[in-house]
Amino acid sequence: LPVYSASIIPYRGAWLVLSFDARGSLFFRIDNKRKLPIYHLLVALGMGVQEMMEYFYRALKVKHDKKTSMFELDLDMDAMAGRHAPFNVYNEAGDVVVTYDKIVNRKTIKDMKAAGKLFCKRESLEGAYLAKGVEYEGEELYPAASLVTDSMIESFGEIAKDGFYIIDQSVAGY
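Here goes a summary of the coordinates provided. (Residues numbered from 1 in each chain as written. Predicted model: local features only at pLDDT ≥ 70, side-chain atom pairs only at ≥ 80, totals over all residues. Heavy atoms only, no water.)

So, the layout of surface pockets
- In this structure, the largest pocket occupies an estimated 410 Å³ of space.
- Within the residue set of the lining of the largest pocket, elements represented by two or more residues are strand 3 (26-30), helix 1 (38-44) and helix 2 (49-56).
- Considering every element that reaches the lining of the largest pocket, the biggest residue donor is helix 2, with four residues.
- Partitioned by chemical class, the residues of the lining of the largest pocket number 14 nonpolar, two polar and no charged. (1 Å grid on protein atoms, 1.4 Å probe; cavity = no way out; pocket = protein on both sides within 12 Å on 5 of 7 lines; lining within 4 Å. Points joined across faces, edges and corners; volume = space filled by probe spheres on them. Helix = DSSP H or I, 4+ residues; strand = E, 2+ residues; numbered from the N terminus. Nonpolar A, V, L, I, M, F, W, Y, C, P; charged D, E, K, R; others polar.)

So, the environment of Lys-61
- Structurally, the position occupied by Lys-61 is in strand 5 (residues 59-65).
- Residue Lys-61 is classed as partly exposed on the basis of its relative accessible area of 28%.
- Separated by 10 residues in sequence, Lys-61 and Phe-71 have C-alpha atoms that sit 9.7 Å apart.
- Look past the residues within four positions of Lys-61 in its chain and what remains in contact with it is Glu-72, Leu-73, Asp-74, Asp-162, Gly-163, Phe-164 and Tyr-165.
- Among the polar contacts listed, one links the side chain of Lys-61 to the backbone oxygen of Asp-162, at a separation of 3.2 Å. (Buried < 20%, exposed > 50% of the residue type's maximum accessible area, 1.4 Å probe, protein only. Contact = heavy atoms within 4.5 Å. Polar contact = N/O pair within 3.5 Å; in protein donor to acceptor, adjacent residues only side chain to side chain.)

Side note on the packing of aromatic side chains
- Summed over the entire model, instances satisfying the criterion amount to four aromatic pairs.
- Residues Tyr-142 and Phe-156 carry aromatic rings whose centres are separated by 5.8 Å and whose planes lie at 90 degrees to one another, so their mutual orientation is edge-to-face. Here the residue Tyr-142 occupies a position in strand 11 (residues 139-142), and Phe-156 occupies one in helix 5 (residues 150-159), the gap between them amounting to 14 residues. For the pair formed by Tyr-142 and Phe-156, the shared burial category is buried.
- Following the ring pairs from residue to residue traces out a cluster consisting of Phe-71, Tyr-142, Phe-156 and Phe-164.
- Sitting above the plane of the Phe-27 ring, Lys-35 keeps its charged end 4.5 Å from the centroid.
- Over the ring of Tyr-165 we find Lys-132; its NZ or CZ atom is 4.2 Å from the centre of that ring. (Phe/Tyr/Trp six-rings, centres within 6.5 Å; stacked < 30°, edge-to-face > 60°. Lys NZ or Arg CZ within 6 Å of the ring centre and 35° of its normal.)

Description of the pattern of salt bridges
- If you walk through the whole model with that rule in mind, you get six salt bridges.
- One salt bridge connects Lys-113 with Asp-78, and the closest N-O pair in it is separated by 3.4 Å. Taken together, the positions of Lys-113 in helix 3 (residues 106-115) and Asp-78 in the loop between strand 6 (70-74) and strand 7 (89-90) put the pair 35 residues apart, joining distant regions of the chain.
- The closest approach of N and O atoms between Arg-122 and Asp-150, which form a salt bridge, is 3.0 Å. Remark: Asp-150 occurs in helix 5 and Arg-122 occurs in helix 4 (residues 122-125); sequence separation between them is 28 residues.
- For Asp-150, a relative accessible area of 40% gives the class partly exposed. (Salt bridge = Lys/Arg side-chain N within 4 Å of Asp/Glu carboxyl O.)

Considering helix 3
- Listed as buried for helix 3 are Thr-108, Ile-109 and Met-112. Down the axis of helix 3, the sector holding all buried residues measures 100 degrees, keeping them to one side. Of the residues in helix 3, the exposed ones pointing more than 90 degrees away from the buried face are Arg-106, Lys-107, Lys-110 and Ala-114.
- Its buried side turned inward, helix 3 meets strand 8 (96-98) and strand 9 (118-120).
- Where helix 3 begins, the capping side chain belongs to Asn-105, and its oxygen is found 3.2 Å from the backbone nitrogen of Lys-107. (Arc of directions from axis to C-beta.)

Quick look at unusual backbone geometry
- Even without glycine at this site, Ser-69 takes up a positive phi of about 55 degrees.
- For Glu-137, which is not a glycine, the phi torsion comes out positive at approximately 55 degrees.
- Its location among the elements puts Glu-137 in the loop between strand 10 (134-136) and strand 11.
- Given a relative accessible area of 70%, Glu-137 falls into the exposed group.

Below, the structure is given as structure tokens:
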């Protein structure tokens, strides 16, 4: 893998070097000292976790459907082309439309569009991360970037009636 870097060299003051490592993580160094994750620089510049999530990741709206007892997905099907499905995707009847880890191609996208509403099961959401915080009565119960747990999913039926947002794992972050 190629490793990329960029340097900001002022006339006076410290040098700032941004670089990707071999695993694709973005880091920065000030005056070639300690290597730190870019998160710390963004926080120092005033960016919050919610803003980072919105900027670097695509959000996937998920809403509990009482009729099917599954979760309705608002997928961007065209953006999924050529990528692996992050979980099994079902139609309203409960039939599998896309299998977990299958590469989504044109035929799969056509099948997904023909299915109409798309759903996933509860187990598929466990281990995902919230793309946006979940609020209830003006108070943030679960902040952005929280790991979705079974107890959270249980509470979403009461708290997040309009749905909640998780990170869309089928689409690249940045």
